[in-house]
Amino acid sequence: EALSALLQERYQVIAADLLGHGGSDLRPADLSIAAQADAVVEVLEDLRLEGIVLVGHSLGGSVSLRVAASRPDLVSRLVLLSAGSYDYRFPTSWRIARFRAAWSLLGLVGGPGAIQRSLRLARVSTGASQPSPDPLDTREGWAALGRAFRQSANEASFVEMEEIVEHRLGHPALVVWGSENRFLPATSARVIFRGRKNVKFIEVAGAAHAVHEVEPAIVADLIRDFLE
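Residues numbered from 1 in each chain as written. Predicted model: local features only at pLDDT ≥ 70, side-chain atom pairs only at ≥ 80, totals over all residues. Heavy atoms only, no water.

Novice: Please set out unusual backbone geometry residue by residue, giving values where relevant.
Specialist: A positive phi angle is found at Arg 48, which is not glycine, with a value near 55°. Its place among the elements puts Arg 48 in the loop between helix H2 (33-46) and strand S1 (52-57). Backbone geometry places Ser 58, a non-glycine residue, at a positive phi of 55°. You can see Ser 58 is positioned in the loop between S1 and helix H3 (59-70). In this structure Ser 58 comes out as buried when scored by relative accessible area, which is 15%. (Helix = DSSP H or I, 4+ residues; strand = E, 2+ residues; numbered from the N terminus. Buried < 20%, exposed > 50% of the residue type's maximum accessible area, 1.4 Å probe, protein only.)

Dropping the structure here:
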C-alpha cells in the first residue's frame, strides 16, 4: 500500500496479516485481540526482532497495544492509526455487525469492494479510495472476519484496552485519527489519549477511518517526525 511504500524509502517495513485477515490462511476459532497479539509475538520471535516500531490500524492498533503491554521488550514505540474505540455507545453499524447473519450475507454477495459497499450502506466511510485488499471471495473468509470482529468489538475488549492505556502504556506512542472517522469517532479517542506525556495525538482534517489510505503522505510525514 502507499504508506508502506513511502516508509520503505527510509525504514525496513515488515507487514503481517492478522489471523483471519488478508492472505493469512490461519483462521482458528479464537480470533480475539489476545490471540492476535500472541500470533504477532510469535512472528517477532521467529524473525528475532526486538525494539521495533509497531504500527497498527483499527483492530491492528488494539493488537499492537496488547503486544506492547505483554512484551514491552519487543517494542520501542507505537504508531496507532484509528486504533480501537473507548466509547461504549456502539454506532448502529457496529450493532448490525455483531450479528453472525450480517457476515453470512456478506459472504453471499462478497467479492472485491464488498466491504466498501456494505459500509456505504451503513453510512460509514473508511476513507479508502480502493476496495479492501482482503481476498474475501469465500464464505469462510467472511465468516472468519466476522468472528474476529465479534470477538474484538465488545465492551470487555474495550475495557481491557482502556486499562492498558491507563496503566501499562509506557512506550512513546503516536496516535493518528481522522477527524471524519464515523466508524470510530475521534471524540472517544481524545478522552483516553490526549494529555498523556508519552502520547502524541494528532487528528488529520477530513480523513476518515482508513486515514493512512486516504492521506498516506501526511501519515508518513507524521511517522517520520515521530521517529526522528
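Next comes the rest of the write-up.
Novice: Mind laying out the confidence of the model for the protein, listing which residues take part and the relevant values?
Specialist: Looking at the protein, the pLDDT average stands at 77 and 69% of residues meet or exceed 70. Scored below 50 in pLDDT, residues 103-109 makes 14 contacts in the model with residues more than four places away or belonging to other chains. (pLDDT = per-residue confidence, 0-100. Contact = heavy atoms within 4.5 Å.)

Novice: Report on the pairing of S1, specifying residues and quantitative values.
Specialist: The alternating pattern of S1 places Ile 52, Leu 54 and Gly 56 on a buried face and Val 53, Val 55 and His 57 on a face that is not buried. Pairing of S1 with strand S2 (residues 75-81), which is carried by six bridges, proceeds in the parallel orientation. Within S2, the residue paired with Gly 56 across the bridge is Leu 80. In this fold, the crossover linking S1 to S2 by way of H3 has right-handed handedness. (Pairing = 2+ DSSP bridges. Right-handed = clockwise from strand over helix to strand, strands pointing away.)

Novice: How would you explain a negative patch on the surface if you had to name every residue and give the values?
Specialist: Taken together, the side chains of Asp 30, Asp 38, Glu 42 and Asp 46 present a region of like negative charge at the surface. Take Asp 46: it is sitting in helix H2. The exposed category is assigned to Asp 46, whose relative accessible area is 58%. (Patch = residues over 30% accessible without salt bridge, like charges linked within 9 Å, V, L, I, M, F, W, Y side chains within 5 Å. Areas by Shrake-Rupley, 256 points an atom, 1.4 Å probe, with all protein chains shown as cover. Salt bridge = Lys/Arg side-chain N within 4 Å of Asp/Glu carboxyl O. Lys, Arg positive; Asp, Glu negative; His and termini not counted. Charge placed at Lys NZ, Arg CZ, Asp CG, Glu CD.)

Novice: I'd like a description of the packing of H2 against H3, backed by residues and values.
Specialist: For the pair H2 and H3, the least separation of the axes is 9 Å and the interaxial angle reads 70°. As the angle between them shows, H2 and H3 are arranged roughly perpendicular. In the crossing of H2 with H3, the sense of the turn from one axis to the other is right-handed. On the side of H2, the interface is formed by Ile 33, Ala 34, Gln 36, Ala 37, Val 40, Val 41 and Leu 44, while H3 contributes Leu 59, Ser 62, Val 63, Arg 66 and Val 67. In terms of residue class, the contact of H2 with H3 is made up of nine nonpolar, two polar and one charged. (Axes fitted to C-alpha atoms, helices over the stretch in contact; angles between N-to-C directions. Parallel < 35°, antiparallel > 145°, perpendicular 65-115°, else oblique. Left-handed = near helix turned anticlockwise from the far one by under 90°. Nonpolar A, V, L, I, M, F, W, Y, C, P; charged D, E, K, R; others polar.)

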